[in-house]
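# Geometric and topological summary
One-letter residues, chain by chain:
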Amino acid sequence: MTEKITIINNYHTVEVKFSLDNNQVPQAIVSIDGTPISHTAHTIPDYPDIHHHSYAIWRRYCHSHASNFVIRSGYGLCGCYDYDPSAERNYRKPESVTDHACGCVELIRLLQAFYPNLLTQSDFQRAQNLLSNHDIGENQTDDTPDDGSSDKDAKDYAELTAFISTVIDLPKPVRNVLVSDFIKFQDPLATNLAYERIKTDMLSTSNTSANIVKAYLLSEAYNDIKVIQLCKAVDKLEAILSSAFFEKHGIKGDLLHKEATFSQLTNQDRSYIDCAEGDSSITAAWLAHVVDEWHTCYGFPIVFDIAKAAVIDVRGQWFPWFDHFCANRSIPKEHVTHPDLLNQ
C-alpha cells in the first residue's frame, strides 16, 4: 500500500510517497516536480522479546535527543558563546534539566501516537503540561541526584516551593492543575490510596445521590492514577534512554566515577550495582533502581519495553541478571513485559 502527500511549495510540486517493500520495510521517496531527490528506508530489527513499537519509539527518541547536541549557529556567530562552526558534535555536552523535560514530552507524545487509548486526549495534554514543567523548580534548587543522598521530604518541600514560584503567574485554571498534579507527582503511588479510600467510602453507603458524586470522584481519582503514574514512569525511564544514548555514542556513564572523582557513592548506589551483578554502568544500575521502585505504575510495562529496546539496540543483548533480579524482588512478569507479549 502506498500513501502520497503532495504540496505546492515555492511554485514547485513536492511529493512524498510512503510505502512498504516486500519485506515490510517502511520507505519514503521524495520528488520535486516529478524528479526523485531522496529515498529513505528503515529496517526494524526483529527482537523477539520486544514490541515493534518500542524500537520505533526508541529510534525516534534518538533523532529528537540528538538535537540537544546541535549548536544554534546564529548566537555563536554573534558572540553569545564559544563557537567553532567546523567542530564535531560534542556528545559530552552536559545535559540540562530542559533536555530531560523535552525528552519526557517527546516520549509522552510518542506514546500518544502509538498508544492513543492509553489516556484520553485531554489527559495526554495534561501529562505533557506536567512533564514539560516537572523539573522547572530546579532552576532555583538545582538538580539533586536520586541516589538516596538527600532527605526526601526536605527535597520535596523545597522543590514544591520553587515550583509554585514558577507557575504563580499563570492563568488560574492552568496554575491550579499544574500545582495539584505536581504534588501528586512527588508521591505518585499515593494516588492508589486516594482511589481505594473513595471506593471503600462509596461501598459503605446506600445513599444514591451521595454515591453519584462519589462515582464521579472515583473516576477522577482513577484518571489521576493513570496520568500521574504514567508521567512518573516516563520521567524515570527517560533517564535510562538518555544513558543508553550516551552509550550509543561511546560514552558509558559509571557510578564508580562518582566514587573516584567525588567520593559520593551511596549505599543505594552500591545496592543496585550488586543487583546488576557488578555492572556499575548507570544504564544498568539506574534501570534496576527504577524497576524496583516504580514497576507498579500505570503504563510501566509499555514504557519499560522502550528502555529494553534501547539496551538491546546499543548493547546487542538484554541484561543477563534481570530475571534473577525480578525473582529476588518478587516483581511480577506482567509488570516488566509489554502486554501484547505476555502470552508469547
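Placed above this text is the structure.
Residues numbered from 1 in each chain as written. Predicted model: local features only at pLDDT ≥ 70, side-chain atom pairs only at ≥ 80, totals over all residues. Heavy atoms only, no water.

### Here we look at the sheet that holds strand 2 (residues 12-20)
We count it as follows: Strands pair, by our definition, only if DSSP identifies at least two bridges between them. Numbering goes from the N terminus for both helices and strands, where a helix is a DSSP run of H or I of at least four residues and a strand is a run of E of at least two. Axis definition: a line fit to C-alpha positions, over the contact stretch in the case of helices; interaxial angles, taken between N-to-C directions, run 0 to 180 degrees.
Read across the sheet, 4 strands follow the order 1-2-3-4 without closing on themselves; strand pairing throughout is antiparallel. In this open sheet, the two strands that pair with only one neighbour each are strand 1 (2-9) and strand 4 (35-41). Taken pair by pair, the neighbouring strands of this sheet meet at an average axis angle of 15°, ignoring direction. Alignment of strand 3 (residues 26-32) against strand 4, held across 6 bridges, turns out to be antiparallel. Bridge pairing in strand 4 links Ala28 to Thr40.

### Section: a nonpolar patch on the surface
Basically, it comes down to this: Only residues whose relative accessible area exceeds 30% and that take part in no salt bridge are eligible for patches, with like-charged residues grouped when within 9 Å of each other and nonpolar side chains (Val, Leu, Ile, Met, Phe, Trp, Tyr) grouped when within 5 Å. Every accessible area reported is derived by Shrake-Rupley at a probe size of 1.4 Å, with residue values counting cover from the shown protein chains alone. A carboxyl oxygen of Asp or Glu within 4 Å of a side-chain nitrogen of Lys or Arg is what we treat as a salt bridge.
Together, Ile5, Ile7 and Phe18 make up an exposed nonpolar region whose accessible area comes to about 270 Å². When you line up the elements, Ile7 lands in strand 1.

### Describing the packing of aromatic side chains
The following threshold applies: The criterion for an aromatic pair is that two Phe, Tyr or Trp rings (for Trp, the six-membered ring) have centres within 6.5 Å, with stacked assigned to planes under 30 degrees apart, edge-to-face to planes over 60 apart and tilted to the rest. Three exposure classes are used, based on accessible area relative to the maximum for each residue type with a 1.4 Å probe and protein chains only: buried under 20%, partly exposed in between, and exposed over 50%.
Applying the stated criterion across every chain yields a total of 16 aromatic pairs. Ring centres of Phe69 and Tyr91 lie 5.1 Å apart, and the angle between their planes is 50°; this geometry places the pair in the tilted category. Of the two residues, Phe69 is situated in the loop between helix 1 (52-66) and helix 2 (73-77) and Tyr91 in the loop between helix 2 and helix 3 (97-114); the sequence distance between them amounts to 22 residues. Note on Phe69: relative accessible area 7%, which makes it buried. Look at Tyr91 and you get buried, because its relative accessible area is 19%. Taken together, a centroid distance of 5.9 Å and an interplanar angle of 15° make the contact between Phe300 and Phe304 stacked.

### Focus on the layout of surface pockets
Formally: Every definition here rests on a 1 Å grid over the protein atoms only: cavities are sets of points where a 1.4 Å probe fits but cannot get out, pockets are open sets enclosed by protein on both sides within 12 Å along at least five of seven lines, and lining residues have some atom within 4 Å of a point. Grid points are joined across faces, edges and corners, and a volume is the space filled by probe spheres set on the points.
Here the second largest pocket defines a volume of roughly 420 Å³. Lining of the second largest pocket is provided by 20 residues; of these, Asp49, Lys308, Asp323, Lys333 and Thr337 occupy positions nearest its centre. Those elements that provide at least two residues to the lining of the second largest pocket are helix 13 (300-315) and helix 14 (322-328). Broken down by element, the lining of the second largest pocket gets its largest block of residues, 4 residues, from helix 13.

### Some points on empty space enclosed by the protein
For the record, the criterion: We call Asp, Glu, Lys and Arg charged. Ala, Val, Leu, Ile, Met, Phe, Trp, Tyr, Cys and Pro are nonpolar, and the rest, Gly among them, are polar.
Scanning the model with the defined rule gives 1 cavity of 30 Å³ or more in all. Approximately 40 Å³ is the volume attributed to the largest cavity. Along its surface, the largest cavity is lined by His134, Asp135, Ile136, Gly137, Glu138, Glu159, Phe163 and Phe182. Residues of the lining of the largest cavity, tallied by class, amount to 3 nonpolar, 2 polar and 3 charged.

### Let's talk about the environment of Lys236
The criterion, for reference: Note on contacts: a residue pair is in contact if any heavy atoms of the two residues lie within 4.5 Å.
With respect to the helices, strands and loops of the structure, Lys236 is situated in helix 9 (residues 208-248). Owing to a relative accessible area of 17%, Lys236 belongs among the buried residues under this scheme. Among all residues touching Lys236, those that are not within four sequence positions of it are Asp146, Val290 and Trp294.

### Describing the packing of helix 11 (residues 267-275) against helix 12 (residues 282-294)
To keep it simple, the criterion reads: Geometric relationships in this document are graded by angle, where less than 35 degrees denotes roughly parallel, more than 145 denotes roughly antiparallel, 65 to 115 denotes roughly perpendicular, and other angles denote oblique.
Two elements in contact, helix 11 and helix 12, have axes separated by 8 Å at closest approach and are oriented at 100°. By the criterion of interaxial angle, the relationship of helix 11 to helix 12 is roughly perpendicular. Listed contacts from helix 12 to Gln268, Tyr272, Ile273 and Cys275 of helix 11 are Ala285, Ala288, His289 and Asp292. Tallied by class, the residues present in the contact of helix 11 with helix 12 amount to 5 nonpolar, 2 polar and 1 charged.

### Quick notes on the pairing of strand 3
Sheet analysis places strand 2 next to strand 3, joined by 7 bridges and oriented antiparallel. Directly across from Leu20, in strand 3, lies its bridge partner Pro26. Counted between consecutive antiparallel strands, the loop separating strand 2 from strand 3 contains 5 residues, among which Gln24 sits at a positive phi close to 65°. Hairpin connection, strand 3 to strand 4: the antiparallel pair is bridged by 2 residues, and Asp33 has positive phi, about 50°.

### Things to note about the pattern of salt bridges
Taken as a whole, this structure holds 19 salt bridges when the rule is applied. Note that Glu15 is salt-bridged to Lys4, the shortest N-O span being 3.6 Å. In this pair, Glu15 sits in strand 2 while Lys4 sits in strand 1, placing the two residues 11 residues apart along the sequence. Given the relative accessible area of 53%, Lys4 is considered exposed. A salt bridge links Asp147 to Lys258; its shortest N-O distance comes to 2.7 Å. Linking Asp147 in the loop between helix 5 (138-141) and helix 6 (152-167) with Lys258 in helix 10 (residues 255-262), this pair joins segments that are 111 residues apart in sequence. For the pair Asp147 and Lys258, a shared accessibility class is recorded, and that class is buried.

### Quick look at helix 12
Note the following rule: Any helix carries an expected span of 1.5 Å times its number of residues minus one.
Here helix 12 contains 13 residues, and its C-alpha end-to-end distance of 17 Å stays within 8% of the 18 Å for a straight helix at 1.5 Å per residue. Buried residues dominate helix 12, accounting for 10 of its 13 residues. For helix 12, every residue scored as buried is listed here: Ile282, Thr283, Ala284, Ala285, Leu287, Ala288, His289, Val290, Val291 and Trp294.

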